Amino acid sequence: MDRLAFDIAHFLAGSLVLVSMMLLYQDRLSALINVFAFQAVVLALSVSWQAYIQNAPHLYLTAMIALVVKAIVIPVALHRMIRRLGIHREIEKALNVGLTMLAGLALVALSVVVVLRVTSEASMLAREDLAFALSVVLLGLLMMVTRRNAVSQVIGFMSLENGLILAATGAKGMPFVVEISVAFSVLIAFIVIGIFLFRIRERFDTVDLQALDEVREAQR
Amino acid sequence: VIAAIDWLSAHGITPILAIPFAAAALLLFLPDYRLSARLNAGSALLTLLAALTLLVHKPAPGDYLLVDDLNIVFIVLNTFVGFTAAVFSASYIGHELEIGRLTAKHLRFYHAMYQILLFGMNLALLANNIGLMWVAIELSTLTTVLMVGIYRTPEALEAAWKYFILGSVGIALALFGTILVYMAAQPVVGEGPGGMIWTVLIAHAASLDPALLNLAFVFLLLGYGTKVGLAPLHAWLPDAHAEGPTPISAVLSGLLLNVALHAVLRFKLLLAANPAAIAPGPLMATLGLVSLIFAGFMLYRRRDIKRMFAYSSIEHMGIIAFAFGIGGPLANFAGLLHMTMHSLTKSAIFYAVGHIAQAKGTQRLADLRGLTVTHPLLGWGLVVGVAAIAGMPPFGIFMSEFLVVSSTFAREPLLAVPLVIGLLVAFGALMLRLQGVAFGEPLGSSEPVKASYVPMAVHLALVLAAGIYLPPPLVTWFQHVAELLH
C-alpha cells in the first residue's frame, strides 16, 4: 500500500485515541459534549478515508451517519437538554484527573501490546487500526465507570461505540457495517430520549437497589 | 392436514418468525385488551406448533437462517415457555388493569412488545450469521428494557435504565468480539459476507487464526455473558426481574438468558474446533462457579420475593455455564437438561409469585406469610416449585444437578467441592425463606384471586415427570446434542 495512504489512516485513528484521552479529563459537561462532537468529526474523516483506500463506497454512508448524527444532532440535543435540566454549569467533582489519565495510558498500552501480539499475520493497517479501536473502546468503558453523571456516562458509551465503528471499518470487506451503525444510532437515540424523559441526572450505582432500601430504612 | 404439515415443514423456518412479527403489527392497533390477550396466546401457540414441525423436518441452512440439532432444543423450549407465559399473562394483566397499574393503552404496547420479543429471540436462535445474531439480541434487549419500565414507577424506570446501560455495554463488547471473529475469518474465507456465516466459519474453524479467536472469545464471553447474567456482570438482572411485570420476569429468566447462553455456546464450538485456540471451557466454568457461589450467599439477604428468585436464576445460569465449561458428553448432557428444567421450573415459580403478589398486594418477603393457608393452590404450587428449584428429589433439577456433580467428580474432582458447597448454600437459603412464606403465621388478605393455574401446573408436572422418567427418545436427542458440543 501507498505509504501516504497508510500514514493518513494511522494519523486519523491515532487522533481518535487522543480525543478519547481528552474526554477523560473534561470536568464540565458542555466542554465534554464539544469534545465528543469533535471526536465524531474525526471518526467521520477516518471512516471516509477507509472508504477511499478500500474502494468501499458504502462506508461513506457510515461516515455520513457519524457526521450528521453524532457530530451535529446528538451534541445539539444534549446541549439543549443539559440546559433544561439545569446541569450545564455543573462540574464533576469526584473526578481524579491524574489517576484517570494514568489508568487510560495503561489501557492504551495494554491494547497495543495485546493486539499487536495476536495479529502477527494480519496487514499492518488492520493491526494498527484494531489496536487503536480497542484503546478507544477501553477508554470509553473507563469513562463510564469513573463518571457519576448520566449524561457523561452516555458520552462514554458513545465514544466506546466510535471505537467499534473504527474496528468495523478497519476490517476489510466486513458486511453489515452500515446496518450496525444505523442500529447503534437507534440505540443512542433511545438513550438520549430516556435521559430527557426521565430526568435522569445521577448514575445508578451497580449495587443492588435493595441495599439502598436497607440504608433508607436504617435512617428512619 | 397432511398437506398443511408438508407445506409448513417445507417452509419451516419462516412461520416461526413471520407469526410473531405479523401478530405484533396487529396487536399494536387492537384496542380491546381481552381480545389481544387471547390473540397474544394464540399467536404464541401457532409459533410453538411451527417450531415443532422443525423437529420432523429440518430445512437446509441458508446464508441467514439455520436449523441444526443444537438450536432446535432452544427453539422448542423457547416457543413452549413463550406460549405458557402468554397464557399466564392473559390473567395477570386483567388484574393489573383492574387495580389501575396499567391502562388499556399500555397493554396494546405491552402485547405488541411481547410478540416482538418472541420474534427477536427466535431470530437470535435461528441466525446463521453472527452479525444478524448480534442485531437480534440487541432487539430483544431493547424490547425487554421497554417492558421492564412499563409501570413507570421510579423504581421501574431506574431498573430499566440500569438494565439498558449495562446491557448496551455487554452488547458493545459482543460486537467487538464479532468483528474480531470476522477479522480472523477474512484471510481464510475471503472478504464479504462469508466471514460472518456460522456454517462457513465452523467449516474453516481449524485454519482460522487462533490468537485472534482467543481474543474474540474473551469479548464475546464478557459481552453475551452480561446478558446471561453471570457474576460479576449480573448487576442489571435482579432489578430488571423485580420491577417489571411478572410475565416478563418469567420470560427473562426462562428464555432470554438461554438465548444469550446459546450465543456463547456457538462461539465455544468455534473455538473447540480449532486445535490451536485456548480451551474455552475453563473460562466458562470459572464464571459459572463464581456466579453460583456468589448468588448462593446473596440469596440469604433478599427481602423481595421476585428479587430472590432473580438471584436464584443467576445461581442456576452459573450451574449451566459451569456444566458446559466442564464439557464432555455427560456434563454437556447435564447442562442441557438443567437448562430445560430451570426454564420450566423458574417460569412456573414466577407464575405463582405473580398471582401471589397480586393477591397480597406486596412483593416483600416479610409480608408474605402462611400462603398455604390463605391461598392453598398458589401456596402449594410455590412450595412444589421451590422444592424443585432447590434441587430436591424426585424433581428433574435434582437429576440434572446430580449429573453435573458426578460428571465434575469424574473429570475435575477438586472443582466438585466448591460446586457442592454452592449448591448447599443456595438450598439452605431457599428452604429458610420457603418455611415462613409457605407455613408461617398467615398474614394479609386471603381474598381469592382470578388466577390461571394451568401453566404453572403443566410446567411443574413436566419437571416432576422428567425427574422420575426421561423418555428414551429425549435422552438420545440430548445425548446427540451433548456430543456435538464436545
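Rules used in this analysis
Residues numbered from 1 in each chain as written. Chains lettered and ligands numbered in written order. Predicted model: local features only at pLDDT ≥ 70, side-chain atom pairs only at ≥ 80, totals over all residues. Heavy atoms only, no water. Helix = DSSP H or I, 4+ residues; strand = E, 2+ residues; numbered from the N terminus. Rg over C-alpha atoms; globule rule 2.2 N^0.38 Å. Buried < 20%, exposed > 50% of the residue type's maximum accessible area, 1.4 Å probe, protein only. Contact = heavy atoms within 4.5 Å. Lys, Arg positive; Asp, Glu negative; His and termini not counted. Charge placed at Lys NZ, Arg CZ, Asp CG, Glu CD. Salt bridge = Lys/Arg side-chain N within 4 Å of Asp/Glu carboxyl O. Polar contact = N/O pair within 3.5 Å; in protein donor to acceptor, adjacent residues only side chain to side chain. Nonpolar A, V, L, I, M, F, W, Y, C, P; charged D, E, K, R; others polar. Expected span 1.5 Å × (residues − 1). Core = buried A, V, L, I, M, F, W, Y, C linked by side-chain atoms within 4.5 Å. Phe/Tyr/Trp six-rings, centres within 6.5 Å; stacked < 30°, edge-to-face > 60°. Lys NZ or Arg CZ within 6 Å of the ring centre and 35° of its normal. Patch = residues over 30% accessible without salt bridge, like charges linked within 9 Å, V, L, I, M, F, W, Y side chains within 5 Å. Areas by Shrake-Rupley, 256 points an atom, 1.4 Å probe, with all protein chains shown as cover. Axes fitted to C-alpha atoms, helices over the stretch in contact; angles between N-to-C directions. Parallel < 35°, antiparallel > 145°, perpendicular 65-115°, else oblique. Left-handed = near helix turned anticlockwise from the far one by under 90°.

A. Region of the structure containing the overall build of chain B. Summing up its helical and strand segments, chain B has 20 helices and 0 strands in all. Relative to a compact globule of 486 residues, whose C-alpha radius of gyration would be 23 Å, chain B shows 21 Å and is just as compact. If one aligns the C-alpha atoms of chain B with their principal axes, the spans along those axes are about 65 × 55 × 45 Å. Per-residue burial for chain B yields a buried fraction of 65% across its 486 residues. The long-range share in chain B, meaning contacts at least 24 apart out of those at least 6 apart in sequence, stands at 81%. Distance between charge centroids for chain B: 8 Å, based on 23 positive and 22 negative side chains.

B. A look at the overall build of chain A. The helix and strand inventory of chain A stands at 8 helices and 0 strands. When burial is assessed residue by residue, chain A has 54% of its 220 residues classed as buried. Contacts in chain A between residues far apart in sequence, at least 24 positions, make up 77% of those at least 6 positions apart.

C. Expanded view of the interface of chain A and chain B. Opposite the 43 residues of chain A that make contact, chain B presents 44 residues. Counting across the interface, chain A meets chain B through 1 salt bridge. Note that E191 of chain B and K172 of chain A form a salt bridge whose closest N and O atoms lie 3.8 Å from each other. The interface formed by chain A and chain B contains 5 residue pairs in polar contact (both at pLDDT 80 or more). Sorting the residues of the side of chain A that touches chain B by element identifies helix 4 (97-118), helix 5 (124-146), helix 6 (150-170), helix 7 (177-198) and helix 8 (209-219) of chain A as the ones contributing at least two each. For the side of chain A that touches chain B, the leading source of residues is helix 7 of chain A, giving 9 residues. Taken together, the residues of the side of chain A that touches chain B break down into 32 nonpolar, 5 polar and 6 charged.

D. Structural context of helix 12 (residues 280-298) of chain B. Residues and elements named next belong to chain B. When the terminal C-alpha atoms of helix 12 are compared, their 27 Å separation across 19 residues agrees well with the 27 Å that a helix rising 1.5 Å per residue should span. Within helix 12, burial applies to P280, G281, M284, A285, L287, G288, L289, S291, L292, A295, G296 and M298. At its buried positions, helix 12 is contacted by helix 9 (210-228), helix 11 (246-272), helix 13 (305-326) and helix 18 (413-439).

E. Just helix 13 of chain B, in detail. Residue and element names in this part refer to chain B. Under the 1.5 Å per step criterion, the end-to-end length of helix 13 is 32 Å for 22 residues, consistent within 8% with the ideal 32 Å. Among the 22 residues in helix 13, 22 count as buried, and that is most of the element. Downstream of helix 13 by a residue or two, G327 has a phi angle that is positive, lying close to 75 degrees.

F. Summary view of the environment of N332 of chain B. Residue and element names in this part refer to chain B. Here N332 shows up in helix 14 (residues 328-360). Sequence-wise, N332 and Y351 are 19 residues apart; in three dimensions their C-alpha atoms are separated by 29 Å. Excluding residues that lie within four positions of it along the chain, N332 makes contacts with A323, F324, G327, A482, L485 and H486.

G. Broad picture of the nonpolar core. Membership of the largest hydrophobic core comes to 251 residues, with the highest contact counts inside it found for I155 of chain A together with F176, F309 and L382 of chain B. If near-sequence neighbours (up to four positions away) are discounted, I155 of chain A is found in contact with L23, L32, I33, F36, L78 and M143 of chain A.

H. A look at the packing of aromatic side chains. Residues and elements named next belong to chain B. For the structure on display, the rule yields 15 aromatic pairs over all chains. Ring geometry for F21 and F119: centres 5.2 Å apart, planes at 50 degrees, overall tilted. With F21 in helix 2 (residues 13-27) and F119 in helix 5 (residues 104-126), this residue pair connects regions lying 98 residues apart in the sequence. Summarising the aromatic geometry, the rings of F333 and F478 are spaced 6.3 Å apart at their centres and angled 70 degrees between planes, so their arrangement reads as edge-to-face. With F333 in helix 14 and F478 in helix 20 (residues 472-484), this pair connects stretches of sequence that are 145 residues apart. One exposure class covers both F333 and F478, and it is buried. In this structure, R101 packs its charged tip against the face of Y151, placed 4.0 Å from the ring centre. Its guanidinium or amino end placed over the ring of W198, R266 lies 4.5 Å from that ring's centre, counting from NZ or CZ.

I. Molecular detail of a nonpolar patch on the surface. Residues and elements named next belong to chain A. Side chains of F38, V41, L45, M64, L67, V68, I72, V73 and V76 sit close together on the surface and give an oily, nonpolar patch of about 750 Å² of accessible area. Those elements giving two or more residues to the nonpolar patch turn out to be helix 2 (29-54) and helix 3 (58-85). Among the elements that make up the nonpolar patch, the one with the highest residue count is helix 3 (6 residues). Mapped onto the elements of the fold, M64 is located in helix 3.

J. Structural detail: the packing of helix 6 of chain A against helix 7 (residues 154-189) of chain B. Put simply, helix 6 of chain A and helix 7 of chain B touch, their axes get as near as 10 Å, and they point 15 degrees apart. One way to sum up the angle between helix 6 of chain A and helix 7 of chain B is to call them roughly parallel. Relative to helix 7 of chain B, helix 6 of chain A is oriented so that their crossing is left-handed. Facing helix 6 of chain A, whose interface residues are A150, V154, F157, L160, L164, A167 and A168 of chain A, helix 7 of chain B presents W161, S168, V169, A172, L175, F176 and I179 of chain B. Looking at the contact of helix 6 of chain A with helix 7 of chain B residue by residue, the classes come out as 13 nonpolar, 1 polar and no charged.

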